[in-house]
Every structure is written in C-alpha cells, then in structure tokens.
Amino acid sequence: MRLQCNPVDNNRHPEVPREQDMTQHVSVEEKLAVQELLSRAAYALDEHAMEDLAGLFAENARFSMRIAGGELAGPFEGRAAIMDMMNAAVSAQTDKRRHVVSNVFFGERDASGVVEVTSNLTLLATEDGEIRLLTAGVYHDRVIQQGGDWRLLGRHLELDKPY
C-alpha cells in the first residue's frame, strides 16, 4: 500500500501547480530541517509566541481544518488571516496546550519546489494539575524553501474529534 501525503486536494495552493511527472527526492538534511519547522510551529503555538509562529508561514500560505468529518473551516488565505484565526483561538484558552507532532513522512519535491509532508498531531492540555488528551489528528502540509528557510505554504488539519 502506498501512503499518500496529501489526500485533501482543497489544501493545494492555487499558485503552486502539481506536476506529478517532475519530482525530486528530498534529502535527509532537508527532511530534518522540515521536521524542525513543524516542531517550531507546535512549540511557538504552545508558548503563544505568535510572532515566531507567523514567521514560519509563507506570506501567501493557506490553512484549513476539518473536525471529525464536519464542515471545512477555511481556507484562511495568507499569513495575516491565518494568524488572526490562531490569535483568536489562543486568546480563548484557559489551559496550557502541548501540540505533539509525530510520524512525519514526506512526498517528493515537485517542480516548483513544494514538498508534501504528513504528520500526526496529539493535542494535550494541562489545567488545574490535570493533563488530558484533547484530540488527535493529521496534518497535511505543503512546505517550500524561501530565502534559505523552510516555510509552511499550505496546512490542512483533520482532527478526530472536537476539543
């Protein structure tokens, strides 16, 4: 069975065409750098370091989310719209969140330099001395190198249950 990195085509960035026949391998060093990007994004969100988080998204990034097979939230178009949504979510939190990213795997790089990356999310919360599992899900990301740094160009999150 071949796993697909991004089965949700509505997350495809409109300015980045998919060219299945012109792919390039992603090096181990690049994979490590992308894994660090994903980890930094999770950590920045957990620590409410919103400026740091914003810098990890491309200016023309897209974000969408679906919770438990429900209606699609988004897409939020552009870094500013994504950060408005994330700032609103963070401001409503009363607990301490931990976004744990795991089981990361990669597709090939397409002709425009975009790499599809799939990973699992486990979302934990601590409040009043209690740690609880809020939800789990799958990130379907599209990343690109810009100015020597990897950035999130597209992110779709499929959550297993509401949180």
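As a reminder, the structure under discussion sits directly above these lines.
Colleague: Please provide a residue-by-residue account of the sheet that holds strand 3 (residues 96-109), values included.
Modeller: Two orientations exist for strands paired in a sheet by backbone hydrogen bonds: parallel and antiparallel. Strand order across the open sheet formed by 6 strands is 2-1-6-5-4-3, with mixed pairing between neighbours. Two strands bound the open sheet, and with one partner strand each, they are strand 2 (72-77) and strand 3. Across the sheet, the mean angle separating the axes of adjacent strands is 20 degrees when strand polarity is ignored. Contacts from helix 1 (residues 28-46) reach strand 3, strand 4 (115-127), strand 5 (130-146) and strand 6 (149-159), with the element oriented near 155 degrees to strand 3. Contacting strand 1 (57-67) and strand 2, helix 3 (residues 79-91) runs over the sheet at an angle of about 45 degrees to strand 1.

Colleague: Give a description of the pattern of salt bridges that names residues and reports values.
Modeller: What the rule picks out here adds up to 13 salt bridges. Between glutamate 59 and arginine 79 there is a salt bridge; the shortest N-O distance is 2.9 Å. Here arginine 79 lies in helix 3 and glutamate 59 lies in strand 1, a separation of 20 residues in the sequence. One salt bridge connects aspartate 95 with arginine 97, and the closest N-O pair in it is separated by 2.8 Å. For arginine 97, a relative accessible area of 12% gives the class buried. Salt bridges linked by common partners bring Glu47, Lys96 and Arg98 together as one network.

Colleague: Go over the pairing of strand 4 with me, naming the residues and quoting the values.
Modeller: With 10 bridges joining them, strand 3 and strand 4 adopt antiparallel strand pairing. For serine 102, the partnering residue across the bridge sits in strand 4 and is asparagine 120. Taking the residues between adjacent antiparallel strands as the criterion, strand 3 and strand 4 are bridged by 5 residues, where glycine 113 takes a positive phi near 95 degrees. Examined bridge by bridge, strand 4 and strand 5 share 13 bridges and lie antiparallel to one another. The residue of strand 5 that forms the bridge with asparagine 120 is valine 138. Here strand 4 folds back onto strand 5, and the loop between the two strands holds 2 residues, one of which, aspartate 128, carries a positive phi near 55 degrees.

What counts as what
- Residues numbered from 1 in each chain as written.
- Predicted model: local features only at pLDDT ≥ 70, side-chain atom pairs only at ≥ 80, totals over all residues.
- Heavy atoms only, no water.
- Pairing = 2+ DSSP bridges.
- Helix = DSSP H or I, 4+ residues; strand = E, 2+ residues; numbered from the N terminus.
- Axes fitted to C-alpha atoms, helices over the stretch in contact; angles between N-to-C directions.
- Contact = heavy atoms within 4.5 Å.
- Salt bridge = Lys/Arg side-chain N within 4 Å of Asp/Glu carboxyl O.
- Buried < 20%, exposed > 50% of the residue type's maximum accessible area, 1.4 Å probe, protein only.

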